Amino acid sequence: MSIARRRFAVTFATAAAAVALFSALPIDGAFAQSAKYRLRYGTAFPADHPAVLRITEAAEAIKAETNGQVDIQVFPNSQMGSEPEMFSQVRSGALDFMSTSGVNQTVVPVASINAVAFAFADYTQVWAAMDGDLGAHVRAAFDKAGLHAFEKMLDNGYRNITTSGKPVNSPDDLKGLKIRVPGNPLWVSVFKDLGAAPTPIQFGELYASLQTRVVDGQENPMALIQSAKLYEVQKYIALTGHIWDGHYIFMGNKKWTTLPADVQASISKNFAAAAEKERADVAKLNEAAIGAMKTAGLTITTPEKKPFRDALKSAGFYEEVKAKYGDAVWTILEKYSGPL
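Only a predicted model underlies this, so the values are computations on that prediction, with no experimental measurement involved.

Peer 1: Please explain the pattern of salt bridges as it appears in this structure.
Peer 2: Where charged atoms of side chains with opposite charge meet at close range, the side chains can pair. The final tally for this structure, using the stated rule, is 13 salt bridges. Between Lys63 and Glu60 there is a salt bridge, with its nearest N and O atoms 3.9 Å apart. You can see Lys63 and its partner Glu60 sitting in helix H3 (residues 50-65), 3 residues apart, about one turn around the helix. A salt bridge links Asp96 to Lys255, with the nearest nitrogen and oxygen atoms 2.4 Å apart. Separated by 159 residues along the polypeptide, Asp96 in the loop between helix H4 (83-92) and strand S3 (97-101) and Lys255 in helix H10 (residues 253-257) bring together distant segments of the chain.

Structure, rendered in structure tokens:
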């Protein structure tokens, strides 16, 4: 399940309270009445997620730079609806901004290209690609769909595998393993091609399913494994980093073009700065989560990624997804990932 839908470890608790208060203010409040542009930003990230905290900071900076003419209200925790609902609202102009993972919508299929399994060895490759030609290609696809995607993506984290019965150190350890995955077809294909038995289960039922051994394991980013206390019912964590996912921030083109150039520049600049800061925040949270898991007594390993990638290649996974995305964007992906 996307980390966007769960609560983070409350590293930013005090700030989160401020965010919640700020988000709850009515749009027709005293200051908002003086604003020429009153805009709303919706996200499924919880109020204490760095993405919410940093975008809220950006909103304050934009307000100051524009002398109060731009008032962006931030609504976390799916207050404006589910991610598909918010996506539709942005497309129709009912909502001004939102952030979501590329795998969570189908209007821009190429937006999920970053989630191809084992494509990116580390964050150096991720940000080179997503801040470079690959991100530009996806943003152009958003533009054709009537959406203005901002330059910098938010980090949603690398996904890692936890198990209860045995550690996962190679593809062979996944054979027959009942592993919970989200219902996304890309996730299901990855684990099916690795020989596991992927089992879609709602996140709210995951803890109990692990506890009662309905499934043998699951996969999620580290901070979510910690905040959802999944470590209480698991023994091993394999830092496979098999999929990296991020959030695009976007606005409808029609609404974007109504904003003056100086307002566009302020929003673009401050959203980009917010994304950079959020990435650093998430990196710190992930390191803290690894330390907390070790303290909790879990065994943490870092398997070699090449055997997993080779197993997927032998199963025809990369040929299948390449056909889905097309040669043009696949060539750009491999510019950063190397041959898949």
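Peer 1: What is the right way to look at helix H7 (residues 185-193) in this model?
Peer 2: Each α-helix turn comprises 3.6 residues. Residues three or four places apart therefore point the same way. All of the buried residues along H7 are Leu186, Trp187, Val188, Val190 and Phe191. The backbone nitrogen of Leu186 lies 2.8 Å from a side-chain oxygen of the residue at the head of H7, namely Asn184. Within two residues after H7, Gly195 carries a phi angle of roughly 90°, on the positive side.

Peer 1: When you look at the nonpolar core in this model, what are you seeing that I'm missing?
Peer 2: If you look at the biggest cluster of nonpolar residues, it comprises 59 residues, and the most contacted ones within it are Ile113, Val116, Phe120, Met130 and Leu134. In contact with Met130, other than residues within four places in its own chain, are Asn114, Phe120, Gly135, Arg139, Glu151, Met153, Trp244 and Tyr248. If you look at the next biggest cluster of nonpolar residues, it comprises 25 residues, including Val70, Leu154, Met251 and Trp256.

Peer 1: Sorry if this is basic, but what is going on with helix H6 (residues 133-144) here?
Peer 2: Here H6 spans 17 Å end to end across 12 residues, near enough to the 16 Å set by a 1.5 Å rise per residue. Looking at the buried positions of H6, the neighbouring elements they touch are helix H5 (123-130), strand S4 (147-149), strand S9 (236-252) and helix H14 (327-337). Where H6 terminates, the next one or two residues include Gly146, which has phi positive at roughly 85°.

Calculation criteria
- Residues numbered from 1 in each chain as written.
- Predicted model: local features only at pLDDT ≥ 70, side-chain atom pairs only at ≥ 80, totals over all residues.
- Heavy atoms only, no water.
- Salt bridge = Lys/Arg side-chain N within 4 Å of Asp/Glu carboxyl O.
- Helix = DSSP H or I, 4+ residues; strand = E, 2+ residues; numbered from the N terminus.
- Buried < 20%, exposed > 50% of the residue type's maximum accessible area, 1.4 Å probe, protein only.
- Polar contact = N/O pair within 3.5 Å; in protein donor to acceptor, adjacent residues only side chain to side chain.
- Core = buried A, V, L, I, M, F, W, Y, C linked by side-chain atoms within 4.5 Å.
- Contact = heavy atoms within 4.5 Å.
- Expected span 1.5 Å × (residues − 1).

Keep in mind these values describe shape, not function.
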